[in-house]
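Descriptive analysis of the structure
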Amino acid sequence: MKLTIIGTGYVGLVTGACFAEMGNTVTCVDIDRSKIDGLKKGVLPIYEPGLESVVANNYKNGRLQFCSSLCDPAAESSVYFIAVGTPPGEDGSADLQYVQAVAKDIGQHINHYTVVVDKSTVPVGTADKVRAVIQAELEKRAKNVSFDVVSNPEFLKEGAAVEDFMRPDRVVIGTDSEKARQVMRDLYGPFMRTHERILFMGVRDAEMTKYAGNAMLATKISFMNEIANLCERMGVDVENVRQGIGSDSRIGYSFIYPGAGYGGSCFPKDVKALVRMAKDHNFEPKVLNAVESRNEAQKHVLIEKIRKRFGADLKNKKFGLWGLAFKPGTDDMREASSVVLLHGLIGAGATVKAYDPVATEAAKRELPREWFADGKLTLVENQYDALKDADGMILITEWKPFRHPDFAQIKKIMKSPIIFDGRNQYDPKSLREAGFEYTGIGR
Ligand SMILES: NC(=O)c1ccc[n+]([C@@H]2O[C@H](COP(=O)([O-])OP(=O)(O)OC[C@H]3O[C@@H](n4cnc5c(N)ncnc54)[C@H](O)[C@@H]3O)[C@@H](O)[C@H]2O)c1
């Protein structure tokens with residue numbers, strides 16, 4: 001099949017590359033010309049394990065092409081995926097300007113039956129808006145072209161995106177058109193060799209499924225963070241509690257790790273957008289409000305602990321930070337807890353040396369330039385270099401090389417052996433026995 005994917009970010013590039021890998025001819029489009037120029041030279045705009053080789057192989061054999069606008073190969077496509085960003089607007093609602101711009105582009109280009117797929121995370125009712133925009137453009141062109149708008153939300157996880165796309169738990173497809181249903185079944189068939197995992201439903205149901213899924217996961221995290229904070233005040237070991245409740249199959253172990261709050265490009269914005277949808281329907285989302293406010297507060301827990309230990313004024317204090325990305329496996333720093341922490345530390349006068357295995361370039365792009373210019377923040381290339389002469393070590397992203405480090409070396413190179421563990425990666429007892437001062441989340 002010939003496909004066009006519009007928006008070549010985390011979702012669009014993975015979607016395009018994986019469909020090409022299954023034998024489809026795919027054109028990936030992005031208005032960011034530097035991304036497209038880079039991709040044509042083999043430079044990926046994002047870090048995602050396993051993606052580079054899939055992109056390179058399919059680009060080489062001609063199944064994957066890159067364009068900065070809806071170019072000629074795209075015109076032959078029978079399926080257009082919309083995979084552009086839907087960032088939060090001022091009022092928390094998903095900003096649909098990019099989706100609508102793409103819908104307009106599509107309406108100006110299509111000449112034969114087309115399935116238009118909303119893969120971006122979009123509020124309930126967006127497919128109708130996309131349909132109206134395309135139809136208006138077709139009318140301007142006096143074209144009578146039939147098309148369907150399908151909702152196909154994406155559930156991939158950054159850091160495991162290729163694996164998730166190739167072996168999805170489920171593929172949700174919202175459509176009431178039999179023709180579109182068949183096209184989508186054909187497209188996803190190769191990913192379902194062992195058993196069928198496509199869930200067909202109404203368009204609005206599919207749109208809501210994505211928000212409900214992310215909100216549920218965010219709820220588990222915020223719930224556990226709340227329990228952790230309570231445990232700390234009551235002399236309870238939250239790690240034992242986590243294991244105790246995770247063993248209940250109705251609860252499960254995933255997404256119940258206490259930590260310094262969730263970040264990333266999805267959970268924060270999707271919870272906000274769902275809250276907005278509820279408000280627009282005169283419904284007070286009490287649980288979602290609480291999930292969000294716990295998370296906002298949770299991102300400040302570490303800095304509060306640091307201030308409690310060192311005082312509010314952190315001038316002349318040096319910290320070594322392990323991790324910058326919002327989670328391991330990605331270079332994405334959108335809404336990362338590290339950013340809130342850095343503002344707290346540097347705002348209170350501290351200097352920071354930070355190490356992240358892949359997010360260094362993202363940090364240079366996204367963090368205030370004056371931090372680097374004024375020597376407030378230095379990015380280092382070795383995890384131990386971040387800790388030299390430091391008053392405290394802070395772990396904020398649980399990358400694997402941080403799990404079992406050389407504590408003897410750490411103790412030797414730090415000014416004072418104090419650890420703030422924002423993801424509860426270490427055993428407090430053994431660290432305290434080894435002469436460290438240890439503070440985790442909820443402990
Ligand atoms: N990142 C994730 O883990 C993830 C997972 C599931 C769903 N989603 C959803 O998928 C959507 C995309 O997310 P992302 O993380 O890939 O975003 P991203 O910011 O990485 O990529 C979006 C891309 O769209 C491009 N773009 C914007 N307007 C365009 C236009 N008019 N024409 C062509 N390209 C245009 C941008 O230049 C950018 O490269 C969002 O709605 C997001 O919520 C993301």
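For the structure, check the block above.
A short tour of the structure in this document, coming up. (Residues numbered from 1 in each chain as written. Predicted model: local features only at pLDDT ≥ 70, side-chain atom pairs only at ≥ 80, totals over all residues. Heavy atoms only, no water.)

Counted by the stated rule, this structure contains 25 salt bridges. Between E76 and K2 there is a salt bridge, with its nearest N and O atoms 3.3 Å apart. With E76 in the loop between α4 (72-75) and β4 (79-82) and K2 in strand β1 (residues 2-6), this residue pair connects regions lying 74 residues apart in the sequence. According to the relative accessible area criterion, K2 is partly exposed, its value standing at 36%. One salt bridge connects R167 with E163, and the closest N-O pair in it is separated by 3.0 Å. The class for R167 is exposed, based on a relative accessible area of 54%. Each member of the salt-bridge network shares a partner with another, and the members are E158, D332 and R334. (Salt bridge = Lys/Arg side-chain N within 4 Å of Asp/Glu carboxyl O. Helix = DSSP H or I, 4+ residues; strand = E, 2+ residues; numbered from the N terminus. Buried < 20%, exposed > 50% of the residue type's maximum accessible area, 1.4 Å probe, protein only.)

A few words on unusual backbone geometry. Its identity is not glycine, yet A142 carries a phi of approximately 55°, on the positive side. Overall, A142 belongs to the exposed group, its relative accessible area being 69%.

Okay, a nonpolar patch on the surface next. Together, L230, M234 and V236 give the surface a local cluster of nonpolar side chains, amounting to about 280 Å² of exposed area. Tracing the chain through its elements places L230 in helix α9 (residues 203-234). (Patch = residues over 30% accessible without salt bridge, like charges linked within 9 Å, V, L, I, M, F, W, Y side chains within 5 Å. Areas by Shrake-Rupley, 256 points an atom, 1.4 Å probe, with all protein chains shown as cover.)

Attention shifts here to the site of the ligand. The immediate surroundings of the ligand are formed by 26 residues, with D30, K35, T86, E158 and K269 found nearest. Interatomic distance of 2.6 Å between a side-chain N/O atom of T86 and an oxygen atom of the ligand. Between the ligand and the protein, one listed contact pairs an oxygen atom with a backbone N or O atom of T121 at 2.9 Å. Relative to its free-state accessible area of 830 Å², the ligand is covered by the protein chains to the extent of 90%. Of all elements in the fold, only α1 (10-21) and α5 (97-109) reach the threshold of two or more residues within the shell around the ligand. Per-class residue counts for the shell around the ligand are 10 nonpolar, eight polar and eight charged. (Near = heavy atom within 4 Å. Polar contact = N/O pair within 3.5 Å; in protein donor to acceptor, adjacent residues only side chain to side chain. Nonpolar A, V, L, I, M, F, W, Y, C, P; charged D, E, K, R; others polar.)

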